[in-house]
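Structural features, examined
Okay, here's what each chain looks like letter by letter:
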Amino acid sequence: MTYGSNITAQKWKTRTEFPKEEISDDWDNDYYLSSLSYNNNLWTVISSKTSDYSLQSWRTRVDFPKDEITELWDAGYAITELTYGNDVWALVMSKGSSYSGQKWSTTTEFPKDKIKEYWDEGRSIIKLAYGQGKWAIVGSKTNKISLQKWRTSETFPIEEIEENLALGYSITQLEYLNDLWVLVLSKYTDNRSQELITSESFPKEEIRKYWDSQYYITNVGYQEIKQEEIVEPEPESITETTKAYSAPENSTDPRITGVWNGTSLGDTEEVEITFEDNNVIIIISGDDVMGGENFEIEDIPAGLNYELNTDVIPHQIDIIFTMFSVEFSRIKGIFEFSGKNEIMMLLSDDPEADRPKGFTSKPGTETFKLTKTSSK
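Conventions we followed
Residues numbered from 1 in each chain as written. Predicted model: local features only at pLDDT ≥ 70, side-chain atom pairs only at ≥ 80, totals over all residues. Heavy atoms only, no water. Helix = DSSP H or I, 4+ residues; strand = E, 2+ residues; numbered from the N terminus. Buried < 20%, exposed > 50% of the residue type's maximum accessible area, 1.4 Å probe, protein only. Polar contact = N/O pair within 3.5 Å; in protein donor to acceptor, adjacent residues only side chain to side chain. Phe/Tyr/Trp six-rings, centres within 6.5 Å; stacked < 30°, edge-to-face > 60°. Contact = heavy atoms within 4.5 Å.

1. Looking at the side chain of D318
- Mapped onto the elements, D318 comes out in strand β22 (residues 315-323).
- A relative accessible area of 9% places D318 in the buried class.
- One polar contact links D318 to R330, side chain to side chain, over a distance of 2.9 Å.

Now the structure itself:
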């Protein structure tokens, strides 16, 4: 999802059949197709109110729609979406975009040579698609993109994404095609920032949350995880020992250390959370204080620590209770940086519960929206 685009309102929908009626209804209400993809046996359509387009047309064809592209080019349209799904190529072309001098080509191999050729000609990669055993590429001249990179990976390229977002690149395309994650990154000439959402189900709650912060959907991708047969190992002899709690290395992050204030969304109660750089956490809610000096549980001296794992999306956080310096309970949760000094955090209430998989509040969980008020 992207902040800083020309979008002022947005809708999304998923359908098993190509949503031609819904697209027509959106056009009647001044919404334009801004993203079209086929994921998990569903068409996913994102429609937006935007100044980027003034008129649109779409086509679906069993064969690659080369004649339709030429026809609409001659009428002053430019390719803005191209995808393959449910045995058809789906093409969207628009008037009013920043695209000019477009080219397309198809090849049975990943089109890395064509990408370089288009770049050498001053064109940017607008879309990569795969269907019927061939790759399709669309290149265009545009004044909105100054530099690009691309990557393909068999696994989700989270490190590439985080590294390049930090370098000022934005995701132009992130899609699972022909058993590969295809990532196109661009440096745009306008100011924009992005947030990446990953989820095992369609992230409708997360989308609403980011819409409230004026982020809008720019890309949707999906990979089906194939389940492998699990062979249970033979039971092993286990020796239990008791040792003092010690946080693992790299289990905190400079971005989170400091004092955060906000609310627990379930009961709208004010909360203050302090993350120390030595993995100590202090939580203050009303008159209740957990953690820090003189923290006790049933009159027994206790401690409260935290551990982070920022190598996964969403990031993971554990809240660890210790007594006599030995861990006796652990609350699992997830969090994400929703802005430079803002985080959303969701914790399970029950130490026996599994870690939440997405930012959807359910019974037995608690959600916190926090803003950093001072750094450590």
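The discussion continues.
2. Overview of the packing of aromatic side chains
- Applying the stated criterion across every chain, the model contains 18 aromatic pairs.
- Relative to Y306, the ring of F275 has its centre 5.0 Å away and its plane inclined at 80 degrees; by these criteria the two rings are edge-to-face. Taken as a pair, F275 in strand β17 (residues 269-275) and Y306 in strand β21 (residues 300-309) lie far apart in primary sequence, 31 residues in all.
- Centroid distance F335 to F337: 5.7 Å. Interplanar angle 80 degrees. Geometry classified as edge-to-face.

3. Focus on the side chain of T142
- With respect to the secondary-structure elements, T142 resides in the loop between β10 (134-141) and β11 (145-153).
- The class for T142 is buried, based on a relative accessible area of 14%.
- Reaching out from T142, the side chain makes a polar contact with the side chain of S98 at a distance of 2.9 Å.
- One polar contact links the side chain of T142 to the main-chain amide nitrogen of K144, over a distance of 3.2 Å.
- Filtering out sequence-adjacent residues up to four positions away, T142 remains in contact with S98, Y99 and S124.

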